[in-house]
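Examining the three-dimensional arrangement
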Amino acid sequence: MPLDSRDRWARAAAGWEARADWFRAATMPVTTWMIDAIQPQPGQQILDLAAGIGDVGFFAAELIEPGGELTTSDFVPEMLSAAQRRAERLKITNVRFRQMDANLPLDQPAASLDAVLCRWGYMLLNDGESALRDTRRVLKQDGTVALAAWTGPEDNLWSSAPVKILHDRGIIEPEGEPGGPGQFAWAREGEIEEHLESAGFVDNRVESVPFQFRFSDVEDWWAAQVQTSTRSADADAQMDTPTRQAVLADMADIAAAFEQDGGIVIPARTWVAAATV
């Protein structure tokens with residue numbers, strides 16, 4: 001992974017850790033789907049790839065006891081440290097933490113794992129399909145991969161709207177090359193099936209899962225954006241007060257359509273997929 005990406009995710013680790021309980025609650029429908037897809041059993045060996053703060057794998061860890069072990073991996077030590085603190089707080093003990101860059105061949109023996117989880121990871125890689133192919137290599141016969149990848153920006157205004165506002169106001173430049181890795185790189189319907197089939201998986205199943213992100217107000221929405229995105233954090237640091245107020249006013253215009261029960265509830269949607277070796 002390029003050094004700038006490593007730096008950005010390392011700097012974002014503290015924000016993700018601070019938002020961990022909020023994110024865990026909001027994304028529970030996705031986690032539940034993925035865990036149900038791999039059907040963890042006692043004694044199994046499971047890898048949570050590009051795990052971030054580790055929540056999806058932690059749910060699996062409870063189900064593979066006794067005798068099973070979860071490997072939680074990420075490519076920056078800061079994320080792994082945050083995940084380790086979270087595991088300790090959740091009293092999860094059958095887990096080990098490994099630094100692993102999913103852009104490279106996985107440091108894992110062939111046919112050694114019962115399942116691999118990867119929530120919102122493959123679409124961020126330089127070659128997600130190649131990573132899927134290597135995932136297949138490390139899975140046992142009949143082993144399962146379960147993944148998530150975001151649908152389009154129109155389905156996910158919670159993250160896309162602030163970025164568009166910053167771009168439209170000339171505060172940030174477009175990121176990456178068209179067709180390159182990114183949050184919405186695997187948004188097109190049918191794309192995940194194509195990658196799974198090309199990687200050699202069978203019994204592919206792809207669905208979409210809707211859920212919601214709740215914010216207390218626009219300031220909370222912006223705080224979540226700044227905490228979890230160093231790109232937005234860097235933009236926030238360079239804005240003067242009138243510019244920040246203008247950005248928040250633009251966000252408030254969008255948020256007006258999502259006001260509910262004294263807060264802001266913004267829809268989200270993701271693809272989820274499972275396939276076997």
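Before reading further, recall that the structure is shown in the block above.
Residues numbered from 1 in each chain as written. Predicted model: local features only at pLDDT ≥ 70, side-chain atom pairs only at ≥ 80, totals over all residues. Heavy atoms only, no water.

Turning our attention to helix α5 (residues 77–89). Note that an α-helix has 3.6 residues per turn; residues three or four places apart therefore point the same way. Between its first and last C-alpha atoms α5 spans 18 Å; for 13 residues at 1.5 Å apiece the expected length is 18 Å, and the two agree. Where α5 is concerned, the buried positions are M79, L80, A82, A83, R86 and A87. The arc enclosing the buried residues of α5, seen along the axis, measures out at 160°, which places them on a common side. Along α5, the residues that are exposed and aim more than 90 degrees away from the buried face are E88 and R89. Directly beyond the C-terminal end of α5, a positive phi value near 60° is found at K91. (Helix = DSSP H or I, 4+ residues; strand = E, 2+ residues; numbered from the N terminus. Expected span 1.5 Å × (residues − 1). Buried < 20%, exposed > 50% of the residue type's maximum accessible area, 1.4 Å probe, protein only. Arc of directions from axis to C-beta.)

With that settled, consider the pairing of strand β8 (residues 263–276). With 12 of its 14 residues buried, β8 lies for the most part within the structure. In this sheet, β8 lies alongside strand β5 (residues 139–150) in antiparallel orientation, the contact comprising 7 bridges. For L147, the partnering residue across the bridge sits in β8 and is A273. Bridge count between strand β6 (residues 202–215) and β8: 12 bridges; the pairing is antiparallel. Bridge pairing in β8 links R214 to V265. Hairpin geometry of strand β7 (residues 259–260) and β8 is characterised by an intervening segment of 2 residues between the two adjacent antiparallel strands and by a positive phi of about 50° at D261. (Pairing = 2+ DSSP bridges.)

Our focus in this paragraph is the packing of aromatic side chains. Per the stated rule, a full pass over the model turns up 14 aromatic pairs. Ring-pair connections join several aromatic residues into one group, and the members of that group are W16, W22, F23, W120, W150, W158, F211, F213, F215 and W221. The cationic tip of R19 hangs over the ring face of W22; the distance from NZ or CZ to the ring centre is 5.0 Å. (Phe/Tyr/Trp six-rings, centres within 6.5 Å; stacked < 30°, edge-to-face > 60°. Lys NZ or Arg CZ within 6 Å of the ring centre and 35° of its normal.)

In this section: the nonpolar core. If you look at the biggest cluster of nonpolar residues, it comprises 88 residues, and the most contacted ones within it are L49, V116, L117, Y122, L196, F201 and F213. Ranked by the residues each element gives to this core, the list is headed by β8, at 8 residues. Apart from residues lying up to four places away in sequence, V116 is in contact with L47, L49, Y122, T135, V138, L139, T144, V145 and A146. (Core = buried A, V, L, I, M, F, W, Y, C linked by side-chain atoms within 4.5 Å. Contact = heavy atoms within 4.5 Å.)

Everything listed here is a matter of geometry and, on its own, says nothing about what the molecule does.
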